[in-house]
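Structure at a glance
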Amino acid sequence: MIIVKLCADVLDVELGRSVHDQTGIENDAVVGGAIIDCYVKLQLLEDARKVFQILGEKDNVAMCALLAGFNQIGKSKEGLALYVDFLCEGNKLDPFTSARVVSLCSNLETELSGTQIHCGVIKLGFKMDSYLGSAFINMYGNFGMISDAYKCFLDVCNKNEICGNAMMNTLIFNSNDLKALELFCGMREVGIAQRSSSISYALRACGNLFMLKEGRSFHSYVIKNPLEDDCRLGVENALLEMYVRCRAIDDAKLIFKRMLIRNEFSWTTIISGCGESGHFVEALGIFCDMLQYSKPSQFTLISVIQACAEIKALDVGKQAQSYIIKVGFEHHPFVGSALINMYAVFKHETLNALHVFLSMKEKDLVSWSVMLTAWVQNGYHEEALKHFAEFQTAHIFQVDESILSSCISAASGLAALDIGKCFHSWVIKVGLEVDLHVASSITDMYCKCGNIKDACKFFNTISDHNLVTWTAMIYGYAYHGLGREAIDLFNKAKEAGLEPDGVTFTGVLAACSHAGLVEEGCEYFRYMRNEYNSEVTINHYACMVDILGQAAKLEEAEALIKEAPF
């Protein structure tokens, strides 16, 4: 039996099979259980099952080992079938086997089985200790049954940090972060939440709630109570994640710099944190450092690709793609979608985006959507609609607000009113007309297709406007030379609490230009610079030069051009 365990420890498959061939196991449950455990650890589950089936006497130890194997590969139904056969043969359960079966049931396909097993455990009168209780807490947590999980937690006798952590994890997993912190505080009051694992959960809850002050308090506690070496990495990763989520990127960098050991999670967290904080160049620099010490995952590479897109570092992005192909991540749907998004930033790279899309073995809803957006974003409206037609033949076809909004924008770009109306009908059918992003696309479509009447009619049906919908209608009036109407709508938007941005002001200035409203245009230009401190772009100056030029105020137009900081 000792030799069998050593085979598993050193992951030697051939030696394990050799020992098995020379060992008679049919009547020895102990050795048979050891061989099953060995095969499970070597990921030879079919061999483990065969050994179990020929055992003359099957015990709970062998059963536990085999169930653990099914749990590892996610084959819950097969494991449960084996468990039922075990019971039908007259074998009796013990608490440890029950806990293994419960762990096997922790997915939605086996929800009913999990609750039935709970009833069976109660009927058998098993004591709800921390080990069994944690299994039930985790199971109900995966089902989203928080109250049932908490009842199991309350039923645990002699509560310890194991079941407490299981309950905290369940609460955090189901977005009850504040409850998790309350539980942590309650556990500390009775002296059972002092270890690093509990603090890691508390830090995660603080990060999810953006509670930076409380997170700093836990950090102070960690400093005052030095961690054991085997716990240090977990807590430091939790601190790193908390500071990143709370947008305290400088604190996160300091934690990362002081870490003696870093794993893939550490690197990915700081790279994504730098990207989310706008430090894209620094994120790419950290990624280069990472390659010397750790292999990046697909999640790391997604953050890197996003950083390349933000700073338009095409060459670096292509190098990242070469690395992705080298390590075999090119077929991962999320990585492929990120690459498509990156290439979509550059109009001349749209065909490269298409190449990435076509090379993907599995295309999910996101990948279809981002490729559609890439076509529209770069002005390939006809190709976008053809892409949508192909998507309709895919087995995963479904529409969401992003897909419909892109299709409507494609119809706008082609001034194809009939197609636009078809998509508008689709929006109504699936109930997405309340989505403001979709609503602004519909408004814009009617305006660009020359149907200002229907644009106004639809705009007035929107119950809760935002900056995008107001701006879309202002631009619509501007396209049709209805300057007064655009200004009136802008004033109504301000009365409704609108905080206009540079895009909104471009629409107002364009409306003044089309309608020849010189004084109003000059007034809004001054208003934009003095009252809102909006960034003045070349588009704003172009509108003003057009306004002044049409009014034959050429000297003023020339002075404005010389004044422009471009």
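Scope of this entry: the structure provided in the associated data block. (Residues numbered from 1 in each chain as written. Predicted model: local features only at pLDDT ≥ 70, side-chain atom pairs only at ≥ 80, totals over all residues. Heavy atoms only, no water.)

Notes on unusual backbone geometry
What counts is decided by this rule: Think of it this way: any DSSP run of H or I at least four residues long counts as a helix, any run of E at least two long counts as a strand, and we number them from the N terminus. Buried residues are those whose accessible area, probed at 1.4 Å on protein chains only, stays under 20% of the maximum for their type, while exposed residues exceed 50% and partly exposed ones sit between those limits.
Phi is positive for Asn-158, which is not a glycine, with a value near 55°. Positive phi outside glycine occurs at Arg-247, with the angle close to 60°. If you trace the backbone, Arg-247 turns up in the loop between α15 (229-245) and α16 (249-258). Of the residues examined, Arg-247 reaches a relative accessible area of 51% and is grouped as exposed.

With respect to the side chain of Thr-506
Note the threshold: The contact definition used throughout considers only heavy atoms, calling two residues in contact when any of these lie within 4.5 Å.
Within the element layout of this structure, Thr-506 appears in helix α31 (residues 502-515). Among all residues touching Thr-506, those that are not within four sequence positions of it are Tyr-475, Asn-539, His-540 and Cys-543.

Let's talk about helix α20 (residues 314-327)
Residues three or four positions apart in an α-helix share a direction because the helix packs 3.6 residues into each turn. We count it as follows: Expected helix span is given by 1.5 Å per residue-to-residue step, counting one fewer step than there are residues. Directions from the helix axis toward the C-beta atoms define the arc.
Between its first and last C-alpha atoms α20 spans 20 Å; for 14 residues at 1.5 Å apiece the expected length is 20 Å, and the two agree. For α20, the set of buried residues is Leu-314, Gly-317, Ala-320, Gln-321 and Ile-324. The buried residues of α20 occupy an angular sector of 115° when the element is viewed end-on, so they sit on one face. Among the exposed residues of α20, those oriented more than 90 degrees off its buried face are Asp-315, Gln-319 and Lys-326. Contacts from the buried residues of α20 go to α19 (298-310), α21 (333-344) and α22 (350-359). Of the residues flanking the end of α20, it is Gly-328, one or two places downstream, whose phi is positive at about 85°.

Quick notes on the pattern of salt bridges
Where we set the bar: Any Lys or Arg side-chain nitrogen located within 4 Å of an Asp or Glu carboxyl oxygen qualifies as a salt bridge.
Taken as a whole and judged by the stated rule, the model has 12 salt bridges. With a shortest N-O distance of 3.5 Å, Lys-318 and Glu-349 are connected by a salt bridge. With a gap of 31 residues between them, Lys-318 in helix α20 and Glu-349 in the loop between α21 and α22 connect regions that are remote in the sequence.

Focus on the packing of α20 against α21
Stated precisely, the cut-off is as follows: Each axis is a line fitted through C-alpha atoms, and for a helix only the stretch in contact is used; angles between axes span 0 to 180 degrees, taken between their N-to-C directions. Roughly parallel means an angle under 35 degrees; roughly antiparallel, over 145; roughly perpendicular, 65 to 115; everything else is oblique. In this scheme the crossing of two helices becomes right-handed for a clockwise turn of the near helix relative to the far one and left-handed for an anticlockwise turn of less than a right angle. The residue classification treats Ala, Val, Leu, Ile, Met, Phe, Trp, Tyr, Cys and Pro as nonpolar and Asp, Glu, Lys and Arg as charged. All others, Gly included, are polar.
With their axes 11 Å apart at the nearest point, α20 and α21 run at an angle of 160° to one another. Considered as vectors, α20 and α21 are oriented roughly antiparallel to each other. Between α20 and α21 lies a crossing of left-handed hand. Contacts between α20 and α21 pair Leu-314, Gly-317, Lys-318, Gln-321 and Ile-324 from the former with Val-335, Leu-339, Met-342 and Tyr-343 from the latter. Tallied by class, residues from the contact of α20 with α21 come to six nonpolar, two polar and one charged.

Just geometry here; none of it tells us what the structure is for.
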